[in-house]
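# Summary of the model geometry
Next come the chains, spelled out residue by residue.
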Amino acid sequence: MANYHKPESKTIQELRDIANKLRIHSIETTQASKSGHPTSCSSMAEIMSVLFFHTMRYKVSAPRDANSDRFVLSKGHAAPILYAAWAEAGLFPTSELLNLRKFDSDLEGHPTPRLNFVDVGTGSLGQGLSVAAGMAYVGKNYDKASYRVYCLIGDGEAAEGSIWEALHFSSYYKLDNLCAIFDINRLGQSEPTSLQHNMEVYRKRLEAFGFNALVVDGHDVEELAKAFHEAQNTKERPTAILAKTFKGKNFPQIEDTENWHGKSLGNRAADVLQHLNGLLKNPGNLQLHPQKPLVDDAPVVDISNIALAFPPNYKLGEQVATRVAYGTALAKVAKNNARVIALDGDTKNSTYAEKIKVVDPDRFIEGFIAEQNVVGVAIGAACRDRTVPFVSAFATFFTRAFDQIRMGAISQTNVNFVGSHCGVSIGEDGPSQMGLEDIAMFRAVPNSTIFYPSDAVSTERAVELAANTKGICFIRTSRPATAVLYKNDETFAVGKAKVIKSSAKDQVLVIGAGVTLHEAIKAADELAKAEINIRVIDPFTIKPIDAQTIIKNAKEVGGRIVTVEDHYSEGGLGETVQSAVALERNVIVKKLAVPEVPRSGPPTVLLENYGISARNIVAAVQEIVKY
């Protein structure tokens, strides 16, 4: 093998000793917390030893340095050994490991980015490889840098479909800077895994997915060092190291036995610790080799103050779908900042994400129909502030990736999601394509921001604002063309609503968004003929909702509010408004929303049939003015 030098026997023994010291730490910390996964840590001890103390390049003083290798622990329950590796590397005193799982400690049961050496939260299994693929994609195609990405995956979580989505993505894009390590320790939580130690099946599957698949003894540090070297020198395809390991390795009477998952060793700990200490050839402080120097070739990136390259350019009343305006705005912010990227799952010609390709075709990532992986890749791409990702899909398809999205919130990610084809207004495609739960889903995500623009101008500004807003953002776009309501120089802000129509004689406040705002405007014109004046508000953002503006205007019209939304009743605009006014006296809210699973039909017919058309708003207003 080119340039491979077998480690000296002294180094091999040091790596063996480090592996057993990591095992000792994992036992001691889980004993202190009376919970955790010491046996799951033990199976990967040699992998961690070779990676952190022989193979990886990183800076202990700056764990998230842009030039350092990345490590993603997909099997997050093995957190104690990750913490132990960084402590042994010198990032913090090993004595702090005993604070594992304590309320006031950031050494939580599963890793989160509260720790400066963790890029993403893990623990919901099957997600780490997608994130690692996103990191590797950025490193190879945007940073064009030397850093490598390593992802350690448990064999139990390898049953997750998202893992195989990520394998396909990584192979398709020839991510030769990515190394997936499978800790194949045979045992799951409640019983043996489906393949147990059938290493040949693992090898054939990974090769079929286009990986350089290497089967190794996962407890042989020399084999591991050689495999990692081969991975570094393999071009045009990623490498998978398939490590045959044993759960509870070097734990007498516990190794490779069932019913030890997720348990501290209890009264068995002392005997196991005595055995492990007896295996150490260098029981004192190890004279570790100095860290390999980083290759300083990752460019400096600035993703602050992203703006539209030029302002909106529409005519009042012009018919433009907000999904089309999204594509226009995406291209504009991409033109302004070279780190704005777009991802989609084979719907780019419907979401209009493909417009970014006019600016730079390389900044569009086709994820194909694998939404869980697309979301994970975006989260990885956003890590260490290397890119500003916009992920688009039909709004309803994000529901299948909700776990990835909620883990993104735990990961403190800054990813922008754009869901088109929301509600019954998409028409004949029917309910399987209609986003009717998406607002409720994203509202439930901590620290999220939800934009619901109602015309082309506000859509462009929503994209600009989202690019600069921390946390997860969701922009809800519509399929039908709707009239431009705002002048091109209108200003917008997160959490600030717009009053569209008002008069001193208004009797009811109507709040709509997207297509229903336009229905509300039609209803206002119709009601005016009967000398009933209504005030119409565009919330612009659903989260945060502009409670102050809503309450003020509601009181001015006698405390009557009608909300109308192209979404199911639960969790959408109506319930958001109800929450905003819940503590106000003499304010009532009547909700109009899609009440049941809809069916196919023309958009106008569906809006009418499911109670959210202008005529339905007129009827609701006429009813509520009686109160």
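Given the structure is predicted, the values throughout are model-derived calculations rather than measurements.

### Notes on the pattern of salt bridges
Summed over the entire model, instances satisfying the criterion amount to 35 salt bridges. Of the charged contacts, one joins lysine 332 and glutamate 460 as a salt bridge, the two residues approaching to 2.7 Å between their closest N and O atoms. Of this pair, lysine 332 sits in helix 10 (residues 322-336) while glutamate 460 sits in helix 16 (residues 456-467), and the two are 128 residues apart along the sequence. A single burial state applies to lysine 332 and to glutamate 460, both of which are buried. Between aspartate 429 and arginine 479 there is a salt bridge, with the nearest N and O atoms lying 3.5 Å from each other. Of this pair, aspartate 429 sits in the loop between strand 10 (416-420) and helix 15 (438-443) while arginine 479 sits in the loop between strand 12 (473-476) and strand 13 (481-483), and the two are 50 residues apart along the sequence. Residue aspartate 429 is classed as partly exposed on the basis of its relative accessible area, which comes to 41%. Residues joined by salt bridges that share partners form a network here, namely Asp506, Arg535, Lys552 and Glu556.

### Notes on the UniProt feature "domain: Transketolase-like pyrimidine-binding" (unreviewed entry) in the chain
Per the UniProt record, "domain: Transketolase-like pyrimidine-binding" (unreviewed entry) is annotated on residues 320-484. Helix and strand shares over residues 320-484 are 38% and 19% respectively, and the end C-alpha atoms of the span are 7 Å apart.

### Let's talk about the pairing of strand 18 (residues 560-568)
Counting buried positions over the 9 residues of strand 18 gives 9, a clear majority of the element. Strand direction decides the pairing type here: strand 15 (residues 508-512) and strand 18, joined by 4 bridges, are parallel. Its bridge partner being in strand 18, valine 510 is matched across the sheet by valine 562. Pairing of strand 18 with strand 19 (residues 588-594), which is carried by 6 bridges, proceeds in the parallel orientation. Its bridge partner being in strand 19, tyrosine 568 is matched across the sheet by valine 594.

### What about the sheet that holds strand 1 (residues 70-73)?
Spatial strand order, 1-2-3-5-4: 5 strands in an open sheet with parallel pairing. Where the open sheet ends on each side, the last strands, each with one partner, are strand 1 and strand 4 (212-217). Between one strand and the next, the sheet's axes are offset by a mean angle of 20 degrees, whatever the strand orientation. The sheet contact formed by strand 1 and strand 2 (residues 149-154) spans 4 bridges and is parallel. Across the sheet, the residue bridging to phenylalanine 71 is tyrosine 150, located in strand 2. Contacts from helix 3 (residues 45-55) reach strand 1, strand 2, strand 3 (178-184) and strand 5 (239-244) within the one sheet, and its direction differs from that of strand 2 by about 170 degrees.

### With respect to the domain arrangement of the chain
Annotation of the chain at the domain level lists domain 1 (9-279), domain 2 (318-484) and domain 3 (498-625). Put simply, the middle of domain 2 and the middle of domain 3, counted by C-alpha atoms, are 25 Å apart. Contacts between the two partners involve 37 residues from domain 2, matched on the other side by 32 residues from domain 3. Buried area between domain 2 and domain 3, both sides added, is near 2500 Å², and the carbon and sulfur share of it is 62%. The three residues of domain 2 that bury the most area against domain 3 are Val424, Arg443 and Tyr452, which together make up 28% of that side's buried surface. Seen at the junction of domain 2 and domain 3, the total is 0 salt bridges. Contributions of two or more residues to the side of domain 2 that touches domain 3 are made by helix 15, strand 11 (449-451), helix 16 and strand 13. Ranked by the residues each element gives to the side of domain 2 that touches domain 3, the list is headed by helix 15, at 5 residues. Its residues assigned to classes, the side of domain 2 that touches domain 3 comprises 19 nonpolar, 12 polar and 6 charged.

### Considerations on the sheet that holds strand 14 (residues 498-501)
Pairing is mixed in the open sheet, where 5 strands are placed in the order 14-16-15-18-19. Of all the strands in the sheet, just strand 14 and strand 19 have a single pairing partner and so form its edges. Strand-to-strand, the axes of this sheet are offset by a mean angle of 25 degrees, without reference to chain direction. Both strand 15 and strand 16 (residues 534-538) contribute to a ladder of 4 bridges, which runs parallel.

### Focus on the layout of surface pockets
In this structure, the largest pocket encloses a volume near 530 Å³. If you list the elements that add at least two residues to the lining of the largest pocket, you get helix 3, helix 5 (128-143) and helix 8 (221-233). By residue class, the composition of the lining of the largest pocket is 7 nonpolar, 12 polar and 7 charged.

### Some points on unusual backbone geometry
With an omega of 0 degrees, the peptide bond running from lysine 543 to proline 544 counts as cis. Within the secondary structure, proline 544 is located in the loop between strand 17 (541-543) and helix 18 (547-556). For lysine 174, which is not glycine, the phi torsion reads 55 degrees and is therefore positive. Relative to the assigned elements, lysine 174 resides in the loop between helix 6 (161-172) and strand 3. Here the phi dihedral of glutamine 412 falls at roughly 55 degrees; this positive angle occurs in a residue that is not glycine. By relative accessible area, which is 49% here, glutamine 412 ends up partly exposed.

### Quick notes on the nonpolar core
Judged by nonpolar contacts, the single largest core of 84 residues is most densely connected at Phe182, Phe398 and Phe417. For this core, the element with the highest residue contribution is helix 5, accounting for 9 residues. If you look at the next biggest cluster of nonpolar residues, it comprises 51 residues, including Ile18, Ala85, Val216 and Ala225.

### Overview of the packing of helix 1 (residues 9-33) against helix 3
Where helix 1 contacts helix 3, the two axes come as close as 8 Å, and the packing angle between them is 120 degrees. Put simply, helix 1 runs oblique to helix 3. Two packed elements cross with a definite hand, and for helix 1 against helix 3 that hand is right-handed. In this structure, helix 1 uses Thr11, Leu15, Ile18, Ala19, Leu22 and Arg23 to contact helix 3, whose residues at the interface are Ala45, Glu46, Met48, Ser49, Val50, Phe53 and His54.

### Looking at the packing of helix 1 against helix 9 (residues 269-279)
The interhelical angle for the contact between helix 1 and helix 9, taken along N-to-C directions, is 160 degrees, at an axis separation of 9 Å. Taken together, the axes of helix 1 and helix 9 lie roughly antiparallel to each other. For the crossing formed where helix 1 meets helix 9, the hand is left-handed. Note on element contacts: helix 9 touches helix 1 through Ala269, Val272, Leu273, Leu276, Asn277 and Leu279, opposite Asp17, Asn20, Arg23, Ile24, Ile27, Glu28 and Gln31. When its residues are assigned to classes, the contact of helix 1 with helix 9 shows 7 nonpolar, 3 polar and 3 charged.

### Considerations on the environment of alanine 309
Locating alanine 309 in the fold gives a position in the loop between helix 9 and strand 6 (319-321). Residue classification places alanine 309 among the partly exposed positions, given a relative accessible area of 34%. Alanine 309 sits 23 residues away from lysine 332 along the chain, and the two C-alpha atoms are 4.9 Å apart.

What counts, and where the lines are drawn
Residues numbered from 1 in each chain as written. Predicted model: local features only at pLDDT ≥ 70, side-chain atom pairs only at ≥ 80, totals over all residues. Heavy atoms only, no water. Salt bridge = Lys/Arg side-chain N within 4 Å of Asp/Glu carboxyl O. Helix = DSSP H or I, 4+ residues; strand = E, 2+ residues; numbered from the N terminus. Buried < 20%, exposed > 50% of the residue type's maximum accessible area, 1.4 Å probe, protein only. UniProt positions renumbered as here; feature names shortened; annotations may be inferred. Pairing = 2+ DSSP bridges. Axes fitted to C-alpha atoms, helices over the stretch in contact; angles between N-to-C directions. Contact = heavy atoms within 4.5 Å. Domains from an automatic or database assignment. Buried area = accessible area lost by both parts, 1.4 Å probe. Nonpolar A, V, L, I, M, F, W, Y, C, P; charged D, E, K, R; others polar. 1 Å grid on protein atoms, 1.4 Å probe; cavity = no way out; pocket = protein on both sides within 12 Å on 5 of 7 lines; lining within 4 Å. Points joined across faces, edges and corners; volume = space filled by probe spheres on them. Core = buried A, V, L, I, M, F, W, Y, C linked by side-chain atoms within 4.5 Å. Parallel < 35°, antiparallel > 145°, perpendicular 65-115°, else oblique. Left-handed = near helix turned anticlockwise from the far one by under 90°.

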